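So you can see what is in the structure, the chains are spelled out below.
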Protein chains: 2
Amino acid sequence: MAATLKDVAARAGVSRSAVSRTFTKGASVSEKTRRKVEKAAADLGYSPNALASGLTTGRTRLIGLVSNNFHNPIFLEVFDLFTRGLQDRGLRPLIINLSGETDPTDSVRMLRQYSVDGVIVASSTAPPSFTSAFRDSNIPVVHSFGRASVTPDIHVVGVDNVECGRMAARTLADRGYRKVGFLGGPESATSTQDRAKGFLEEARRLNLTASSSYAAQYSFESGRDEMRRLLRLGPPQDAYFCGDDVLSIGALSVLHDAGFDTPANVGVIGLNDMEIAGWDNIDLTTIQQPLQQIIASSIEIVVSMLDQPDRHPEIRLFPCQIVERGTLRPLP
Amino acid sequence: MAATLKDVAARAGVSRSAVSRTFTKGASVSEKTRRKVEKAAADLGYSPNALASGLTTGRTRLIGLVSNNFHNPIFLEVFDLFTRGLQDRGLRPLIINLSGETDPTDSVRMLRQYSVDGVIVASSTAPPSFTSAFRDSNIPVVHSFGRASVTPDIHVVGVDNVECGRMAARTLADRGYRKVGFLGGPESATSTQDRAKGFLEEARRLNLTASSSYAAQYSFESGRDEMRRLLRLGPPQDAYFCGDDVLSIGALSVLHDAGFDTPANVGVIGLNDMEIAGWDNIDLTTIQQPLQQIIASSIEIVVSMLDQPDRHPEIRLFPCQIVERGTLRPLP
DNA sequence: AAATTCGTTGCAACCGGTTGCACGGACTTC
DNA sequence: GAAGTCCGTGCAACCGGTTGCAACGAATTT
């Protein structure tokens with residue numbers, strides 16, 4: 001149906017090699033043949049078949065984008081940045097929706113079948129075994145929003161979640177909250193563990209009374225469920241650090257239903273600064289992750305791995321910052 | 001690096017054809033060779049290269065998923081359903097993020113280069129010329145959330161937006177609102193045009209006073225901007241039908257800032273029923289599009305086109321329904 | 001025992017490109 | 001004018017599979 005190399009070669013009166021070379025930059029072709037070929041290609045509406053060329057070159061320009069956060073609005077922003085960033089560099093994202101799957105076998109097989117040039121795992125909850133499965137299959141991989149390890153064996157781009165936890169504790173302390181709580185996401189997620197660690201350590205250091213609890217997932221409903229459970233056990237803390245904006249908003253809605261007012265009765269600080277957090281009906285004080293930087297950096301690493309697959313694993317962490325809105329009282 | 005057909009053939013002591021046939025269902029292979037081959041394949045961790053096989057069969061099992069709604073949270077749900085639905089059928093979504101692009105040329109080229117088996121355009125704002133570009137390139141295409149045409153030349157799955165508009169008008173009238181307004185998305189989008197048409201016609205029929213205006217995009221900020229503009233011109237209508245939930249929420253936030261209370265002073269009804277609309281801090285009355293059905297149906301059509309590429313274009317519209325929440329006063 | 005049928009198998013060509021190599025011609029150089 | 005460069009080109013093999021065709025052996029029929 002579509003024109004092939006052979007068709008173009010015939011029409012231009014040259015060999016298939018000549019046509020291939022005109023479309024391979026850096027190859028040696030005379031001005032004259034190039035013009036003939038380009039004319040013929042335009043006439044036939046030819047564009048090279050990326051799959052066939054991938055077969056011989058070993059480069060498909062396909063990048064696996066693996067995620068499981070399809071219920072957190074922040075991920076739409078992540079998705080937008082990744083897909084745009086990749087396609088701006090001539091790469092095509094091939095999506096894998098994990099949706100609860102924890103066994104990497106299938107994902108690895110799928111992406112190997114399509115000979116992706118690399119994989120980006122965009123998830124703060126995917127276990128480390130997941131990313132290593134790709135590396136073990138010799139697929140270049142970078143873990144975005146992953147945990148920084150002391151002995152990195154995989155590229156990780158993200159934030160220092162322990163430091164985020166500390167930052168949250170300091171922020172609450174500075175505003176005069178004394179009894180504070182951590183309301184995290186799933187306890188199995190490394191991001192949750194790190195945020196809890198930083199938060200509780202720093203709270204202790206600052207002589208705050210700190211508690212912690214965990215929601216089943218990073219979702220609005222889980223945030224509601226967990227806050228409801230807490231309120232059944234007794235009065236709320238002075239303020240909560242929630243492991244994610246959606247959890248915060250869920251928790252807030254339960255607090256409001258129960259008659260508590262923010263920030264007067266109880267403060268809440270989230271994490272992510274998703275677009276919705278800035279909406280006036282939400283107005284959530286939160287810790288912002290620098291998404292653009294994290295994603296641009298992830299893409300940069302995966303691109304560089306195309307040329308140097310055995311590049312030394314690297315950790316890139318970016319600083320977070322507080323976005324002041326209405327769910328925490330102002331500094332005294 | 002990865003094992004190939006040849007490696008497996010050598011290890012199993014059979015020809016490459018035999019190996020290929022064990023992995024092609026419906027092919028004729030004896031139990032004995034099948035076992036030998038499967039053993040060898042398992043030993044080597046072999047899995048067939050989908051790209052190479054696509055080259056000869058003309059089937060890549062790749063489906064282009066084209067969209068431009070990367071700023072509307074509803075699209076995360078759409079995305080989740082599409083990616084899961086496709087991969088459940090062994091298809092892989094290849095994402096194209098249009099982000100404002102209106103010229104289909106590049107998208108068509110990209111997807112042709114990767115020999116996708118079909119394309120799903122998931123957008124209520126993409127112009128019809130966009131989808132036809134795929135069809136003209138002989139790529140099976142279905143337009144999800146598109147406009148139903150009387151003389152369909154492309155598969156369309158979605159809702160009857162004119163009827164949605166009528167339904168909104170009736171809903172407002174039933175609840176005693178007399179002066180009503182349509183606050184739509186971009187005027188160029190067919191979805192906006194249809195919703196406006198249905199709403200205004202029905203409002204007239206019901207002797208309501210109706211006005212209409214348009215936001216620049218389907219986004220929270222545009223909703224705010226437009227409602228701000230309306231309030232500068234004079235007092236608000238009794239109730240608004242907004243062309244989308246995000247517009248509704250933007251409009252609501254401006255109304256609240258201006259001291260209007262919902263549903264006491266002014267009613268708002270949205271469209272989509274995105275997850276957030278149900279959050280207690282939002283509690284938006286809205287018209288629900290049956291996403292699951294629309295998406296399942298879109299996938300079903302694209303799958304059926306794999307076998308019958310020239311299948312007659314079809315329109316599938318699903319009914320919407322009102323989701324009662326707190327931004328419209330109850331029926332008298 | 002010969003003929004027929006049938007399922008299984010390997011050969012070889014092909015899908016749409018890429019690329020090492022050798023050849024040919026134009027252009028320098030001595 | 002002969003020798004040496006260098007650039008451009010085509011041939012042919014290859015990437016990792018698929019598939020039509022013919023051959024083959026076993027089982028069935030006559």
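Going by the structure above, here's the rest.
Summary of the structure given here. Worth saying up front: this structure is predicted, and the values here are computed from it rather than measured.

A word on the overall build of chain A
(1) Moving on: A tally of regular secondary structure across chain A gives twelve helices and twelve strands.
(2) Moving on: Overall size of chain A, expressed as C-alpha extent along the three principal axes, is 85 × 40 × 30 Å.
(3) Moving on: Across the 332 residues in chain A, those meeting the buried criterion constitute 50%.
(4) Moving on: By sequence separation, contacts in chain A at least 24 residues apart represent 70% of the contacts at least 6 residues apart.

Description of unusual backbone geometry
(1) Moving on: In the segment running from Thr262 of chain A into Pro263 of chain A, the intervening peptide bond is cis, with an omega of -5 degrees.
(2) Moving on: Of note in this structure, Asn272 of chain A is not a glycine but carries a positive phi near 135 degrees.
(3) Moving on: Of the residues examined, Asn272 of chain A has 30 C-beta atoms within 10 Å and is grouped as buried.
(4) Moving on: With a phi close to 60 degrees, Asn207 of chain B is a non-glycine residue in the positive phi region.
(5) Moving on: Within the element layout of this structure, Asn207 of chain B appears in the loop between helix H9 (190–205) and strand S7 (209–214).
(6) Moving on: C-beta crowding within 10 Å serves as the criterion here: with 9 such atoms nearby, Asn207 of chain B is assigned to the exposed category.

Here we look at the protein's contact with DNA strand C
(1) Moving on: Around DNA strand C sit 27 residues, and of these Leu5, Ser17 and Ser20 of chain A together with Ser15 and Thr33 of chain B come closest.
(2) Moving on: Contributing elements (two or more residues each) for the surface near DNA strand C: helix H2 (16–23) and helix H4 (50–57) of chain A together with helix H2 (16–23), helix H3 (31–44) and helix H4 (50–57) of chain B.

Describing the interface of chain B and chain A
(1) Moving on: Counting residues at the interface gives 43 residues for chain B and 42 residues for chain A.
(2) Moving on: It is helix H5 (residues 74–88) of chain B that contributes the most residues to the side of chain B that touches chain A, seven residues altogether.
(3) Moving on: Here the residues of the side of chain B that touches chain A sort into 23 nonpolar, 13 polar and seven charged.

Overview of the sheet that holds strand S8 (residues 239–242) of chain B
Residue and element names in this part refer to chain B.
(1) Moving on: Spatial ordering of the open sheet is given by S7-S6-S8-S9-S10-S12, a layout of six strands whose pairing is mixed. Edge strands, defined here as strands with exactly one partner in the open sheet, are S7 and strand S12 (321–323). Pairs of neighbouring strands in the sheet enclose a mean axial angle of 25 degrees, with direction left out of account.
(2) Moving on: Pairing of strand S6 (residues 179–184) with S8, which is carried by four bridges, proceeds in the parallel orientation. By the bridge assignment, Val180 is partnered in S8 with Ala239.

Regarding the protein's contact with DNA strand D
(1) Moving on: For DNA strand D, the set of nearby residues contains 26 residues, the closest of which are Ser15 and Thr33 of chain A together with Leu5, Ser17 and Ser20 of chain B.
(2) Moving on: At the level of secondary structure, the elements contributing two or more residues to the surface near DNA strand D comprise H2, helix H3 (31–44) and H4 of chain A together with H2 and H4 of chain B.
(3) Moving on: Here the residues of the surface near DNA strand D are counted per class, giving nine nonpolar, 14 polar and three charged.

Examining the environment of Leu255 of chain A
Residue and element names in this part refer to chain A.
(1) Moving on: Looking at the secondary structure, you find Leu255 in helix H11 (residues 245–257).
(2) Moving on: Residues Leu255 and Gln292, 37 residues apart in the sequence, show an inter-C-alpha distance of 32 Å.
(3) Moving on: When near neighbours in sequence (up to four residues on either side) are disregarded, Leu255 contacts Met227, Pro236, Phe260, Thr262 and Val266.

Things to note about the sheet that holds strand S9 (residues 267–272) of chain A
Residues and elements named next belong to chain A.
(1) Moving on: The mixed open sheet is built from six strands, whose spatial order is S7-S6-S8-S9-S10-S12. Both outer strands of the open sheet, strand S7 (209–214) and strand S12 (321–323), are each paired with one neighbouring strand and no more. With direction set aside, neighbouring strand axes in the sheet form an average angle of 25 degrees.
(2) Moving on: Relative to S12, strand S10 (residues 286–288) is paired through three bridges, and the arrangement is antiparallel. Residue pairing across strands places Thr286 opposite Val323, the latter belonging to S12.
(3) Moving on: Where H11 meets the sheet, its contacts fall on strand S6 (179–184), strand S8 (239–242), S9 and S10, and the angle it forms with S9 comes to roughly 155 degrees.

Observations regarding helix H12 (residues 291–307) of chain B
One turn of an α-helix holds 3.6 residues; hence residues three or four places apart share an orientation.
All names here are of chain B.
(1) Moving on: With 17 residues, H12 ought to run about 24 Å at 1.5 Å a step, and its terminal C-alpha atoms sit 25 Å apart, in line with that.
(2) Moving on: Considered for burial, the residues of H12 that qualify are Leu291, Ile294, Ile295, Ser297, Ser298, Ile299, Ile301 and Val302.
(3) Moving on: For H12, the elements touching its buried residues are strand S1 (62–67), H5, strand S3 (118–122), strand S4 (141–144), strand S5 (155–159) and strand S11 (315–318).

About the thresholds
- Residues numbered from 1 in each chain as written.
- Chains lettered and ligands numbered in written order.
- Predicted model: local features only at pLDDT ≥ 70, side-chain atom pairs only at ≥ 80, totals over all residues.
- Helix = DSSP H or I, 4+ residues; strand = E, 2+ residues; numbered from the N terminus.
- Buried ≥ 20, exposed ≤ 12 C-beta atoms within 10 Å, placed from the backbone.
- Contact = placed C-beta atoms within 7 Å.
- Near = placed C-beta within 6 Å.
- Nonpolar A, V, L, I, M, F, W, Y, C, P; charged D, E, K, R; others polar.
- Pairing = 2+ DSSP bridges.
- Axes fitted to C-alpha atoms, helices over the stretch in contact; angles between N-to-C directions.
- Expected span 1.5 Å × (residues − 1).

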